[in-house]
Amino acid sequence: MKEVVEYTMSKHRYILSINVAMMLALGACGQNTDQNQDVKNEGQPPQENVEDNQEMGMAEEGNSDHDGMQHSNSAEVPEGLKEAKEPKYEVGSQATVETDHMKGMDGAEATIVGAYDTIAYVVTYTPTNGGELVKDHKWVIQEEIADAGQETLSPGSEVTLEADHMEGMKGATAEIVSSEQTTVYMIDYKPTTGGEEVKNHKWVTEDELGSVQ
């Protein structure tokens, strides 16, 4: 009888040892899986940060060439600029802005501050303050280009800007993109997006203005 009891206890101890060994093995496997997952994720930003960065990138891609730039509110005009004799929109009159050089501009009601006959240029330039390349900036006029003379400058011409509408513009090297003989206007307007009134904005052309409804 004693031998039977000892045999039974020995058998139970053997089964218990096997169970313990299996539990330890499973625990080790689970730990290795967690460690492998940690190694796989190491160096990768959290998913929410990736999404935030993508949203920021999309916002930056939507920026216009004037976004983030400080606009000059000076009423000073270049020497030699001639006032328009018969402008479509007289100084002091109201007009509707029909262009979007800056946010909140299109559809805004403007007051005409000045009207001048000149040659207006679209230019591409790199700001002198180290900013990114500004493409197709509207507008720079003949009198705001160094040594421009009287003749219309050809597309592709390299020039030096004397305009200071934006920070980093004066003294910048620019390329002429296109030109047109027109009347340009200096205007005050209240942005449609809200905010303070923009004073002495330079420039909008006659084609970029409409009658007040």
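Worth saying up front: this structure is predicted, and the values here are computed from it rather than measured.

(A) The arrangement of the pattern of salt bridges in detail. Applying the stated rule across the entire model yields two salt bridges. A salt bridge links Asp188 to Lys199, with the shortest nitrogen-to-oxygen separation between them at 3.9 Å. Linking Asp188 in strand E6 (residues 173–189) with Lys199 in strand E7 (residues 198–205), this pair joins segments that are eleven residues apart in sequence. In this structure, Lys199 and Glu197 form a salt bridge, with 3.5 Å as the shortest nitrogen-oxygen distance. The partly exposed category is assigned to Lys199, whose relative accessible area is 39%.

(B) Local environment of the packing of aromatic side chains. A full pass over the atoms with the stated rule returns two aromatic pairs. Plain terms: the ring middles of Tyr89 and Tyr185 are 5.9 Å apart, the flat faces sit at 75 degrees to each other, and that makes the pair edge-to-face. Here Tyr89 is found in the loop between strand E1 (82–83) and strand E2 (94–97), whereas its partner Tyr185 is found in strand E6, with 96 residues between them in sequence. An angle of 80 degrees between the planes, with centres 5.8 Å apart, marks the rings of Tyr116 and Trp203 as edge-to-face. Remark: Trp203 occurs in strand E7 and Tyr116 occurs in strand E3 (residues 109–125); sequence separation between them is 87 residues.

(C) A look at the pairing of E6. With 15 bridges joining them, E3 and E6 adopt antiparallel strand pairing. Of the residues in E6, the one forming a bridge with Ala120 is Glu180. Pairing analysis gives three bridges linking strand E5 (residues 158–160) to E6, with the strands arranged antiparallel. Paired with Thr160 across the strands is Thr173, a residue of E6. Across four bridges, the pairing between E6 and E7 is antiparallel. By the bridge assignment for E7, Tyr189 is matched with Val198.

About the thresholds
- Residues numbered from 1 in each chain as written.
- Predicted model: local features only at pLDDT ≥ 70, side-chain atom pairs only at ≥ 80, totals over all residues.
- Heavy atoms only, no water.
- Salt bridge = Lys/Arg side-chain N within 4 Å of Asp/Glu carboxyl O.
- Helix = DSSP H or I, 4+ residues; strand = E, 2+ residues; numbered from the N terminus.
- Buried < 20%, exposed > 50% of the residue type's maximum accessible area, 1.4 Å probe, protein only.
- Phe/Tyr/Trp six-rings, centres within 6.5 Å; stacked < 30°, edge-to-face > 60°.
- Pairing = 2+ DSSP bridges.

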